[in-house]
Amino acid sequence: MDKYIIEGGYPIKGTLALSGNKNAALPCIAATTLADEPVILRNIPAIEDVLVMFDVLRNLGASVEEIDAHSWRIDPRSISRYEVPEELARKVRASILFAGPLTARFGKAVLPPPGGDTIGRRRIDTHILALQELGARIAIEATLNFSAVKLVGAPVFLDEASVTGTENAIMAAVLAEGTTTLTNAACEPHVQDLCAMLIQMGAKIEGVGSNRLVIHGKESLHGVEFAISSDYMELGSFIGLAAVTGGDLRIEGVRTEDLPPLKVGFSKLGVTWDLKGNVLRPNTAAALRVVPDIGGQIPKIDDAPWPGFPADLTSIMTVVATQAEGVVLIHEKMFESRMFFVDKLISMGARIVLCDPHRAVVYGPSKLVGNVMVSPDVRAGMAMVIAALCAEGTSTIHNVYQIERGYENLSARLSAVGAHIRKEQED
């Protein structure tokens, strides 16, 4: 296990290029099992979750070759197994994404309950109910056992707009017989990436980018060379980092269509930016200030399914709010344990009232001081890094494995733009 040693108080200056979208890479990796030819994936982030997904593919029998640091060639034709190993499933929640494609291809899939972040109850009912509507049978024992003589297209209404549930339903439906109408579907950019890849593989999907998808099943899908889009979660994290540390940061690889939901949240804390082409430059000269709602009311930053403000950025916004003058309510609606990390911010000097598992009132600005912390999940871990970089003194963050599941080569990239951060092995 590794830890970060961070000395705060230094401005960030330079250029950071966005990595590929982790949440797009993972379903696209699972989708390679649907092809009857090799697939080349590009702009894949070099992070732990990706490597685990490739290990799952190898264990199933696929050939997985690294072309370069961010490009991989997968040949799924040699896949002969449909059981995901328990030791790999425990490492990454995205292992559940193999349920749809394996059932579509082999009529069977066996998966242990998925692992991943500890941020509250993360139900898999949506995955199960969607695949049942397409004709799969599910037996829940020590493992999740999916089986189907054949999948048949059907009207499917998802009981919640689950991202991975939507992705599993799409991957099953593209090889199902007939037409599937998927309603209340998630439409995040990473879901759109998966649809774009499948369409290039020969799938017929209508309504991409909306919450109603019409999928016409095909008998087979061919190979493809596909590039993953940039990671807007990384973008939001780096905007927050620049906002609280000052300096002059330029962020490369930005997609204009990803910005409106982020602007909704950041603008409430007085964070603005300039965009030229695909390069975004946060404006850090002015002090952060909470912008009251109309009538002088305390504003609320709350998450919602796309195109709402992303749930994964509420931890980042909580840290930014500690440095903004004023009062703001952070309302994280989706995961009942995600806000529990704020006790570490409080111990650093933040003035936060945790109202319940979902809501925190933040009073700023607060002078933060270095502390010893343990990362509970990817996004809270990144929030701790940001807090440490704007704090006075030295912080130590343990369990950085959780952070590096979602952020590629983080300590080296931040060091290159002036952060005083180093990675060390635990004693």
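Reference entry: report on the structure contained in this document. (Residues numbered from 1 in each chain as written. Predicted model: local features only at pLDDT ≥ 70, side-chain atom pairs only at ≥ 80, totals over all residues. Heavy atoms only, no water.)

### Topic: the overall build of the protein
Applicable threshold: Helix and strand labels come from DSSP, where a helix needs a run of H or I of at least four residues and a strand needs a run of E of at least two; each type is numbered from the N terminus. The globule rule is 2.2 Å times the number of residues to the power 0.38, and the radius of gyration it is compared with is taken over C-alpha atoms. Burial status follows relative accessibility: with a 1.4 Å probe on protein chains alone, a residue under 20% of its type maximum counts as buried, one over 50% as exposed, and anything between as partly exposed. Only heavy atoms matter for contacts: two residues are in contact if any of them lie within 4.5 Å across the pair. Calculation of accessible area relied on Shrake-Rupley with a 1.4 Å probe; when residues are assessed, cover is drawn exclusively from the protein chains displayed. Within this scheme the basic residues Lys and Arg register as positive and the acidic residues Asp and Glu register as negative, but His and the chain ends are omitted. Where a charge lies is defined by one atom per residue type, namely NZ (Lys), CZ (Arg), CG (Asp) and CD (Glu).
Across its full length, the protein carries 14 helices and 23 strands. By the compact-globule yardstick of 22 Å for 427 residues, the protein fits well, its C-alpha radius of gyration being 22 Å. Across its three principal directions, the C-alpha atoms of the protein cover 60 × 50 × 45 Å. Residues classed as buried in the protein amount to 56% of the 427 residues present. Of the contacts made within the protein by residues no fewer than 6 positions apart, 72% connect residues no fewer than 24 positions apart. On the protein, roughly 16,200 Å² of surface is accessible, and the fraction owed to carbon and sulfur atoms is 50%. Here the protein holds 40 positive side-chain charges and 50 negative ones, and the gap between their average locations is 2 Å.

### A few points about helix α9 (residues 259–266)
Our working definition: Note that the arc is computed from the directions linking the helix axis to the C-beta atoms.
Along α9, the positions that sit buried rather than exposed are L259, P261, L262, G265 and F266. Summarising the axial view, the buried residues of α9 lie within an arc of 165 degrees, below the 170-degree limit, and thus occupy one face.

### Re the nonpolar core
Selection rule: Here, the term nonpolar core denotes a set of buried Ala, Val, Leu, Ile, Met, Phe, Trp, Tyr and Cys residues that are joined through side-chain atoms within 4.5 Å.
Of all hydrophobic cores here, the largest spans 75 residues; its most connected members are F98, I170 and L198. Not counting the four nearest positions on each side in its chain, I170 is found in contact with L182, V191, C195, L198, I205, L213 and I215. The next biggest cluster of nonpolar side chains, apart from the first, holds 71 residues, and it includes A243, A350, I386 and L389.

### Here we look at the sheet that holds strand β8 (residues 144–147)
Quick note on the threshold: A pair of strands is labelled paired if DSSP reports no fewer than 2 bridges between them. In this description, a line fitted to the C-alpha atoms serves as the axis of each element, helices being fitted only across the stretch in contact, and the angle between N-to-C directions of two axes falls anywhere from 0 to 180 degrees.
Strand order in this open sheet of three strands is β6-β8-β7, and the pairing throughout is antiparallel. In this open sheet, the two edge strands, each paired with only one partner strand, are β6 (108–111) and β7 (137–140). Ignoring strand direction, the axes of neighbouring strands in this sheet form an average angle of 10 degrees. In terms of strand pairing, β7 meets β8 through four bridges, oriented antiparallel. Bridge assignment links I140 to a residue of β8, and that residue is L144.

### Digging into the pattern of salt bridges
Between side chains of opposite charge, pairing is possible as soon as their charged atoms come close. Spelled out, the test is: For this analysis, a salt bridge means a side-chain nitrogen from Lys or Arg found within 4 Å of a carboxyl oxygen belonging to Asp or Glu.
Across all of its chains, the model carries 21 salt bridges by this definition. The shortest N-O distance in the salt bridge between K423 and D2 comes to 3.7 Å. Linking K423 in strand β23 (residues 420–425) with D2 in strand β1 (residues 2–7), this pair joins segments that are 421 residues apart in sequence. Connected via shared salt-bridge partners are D2, E404 and K423.

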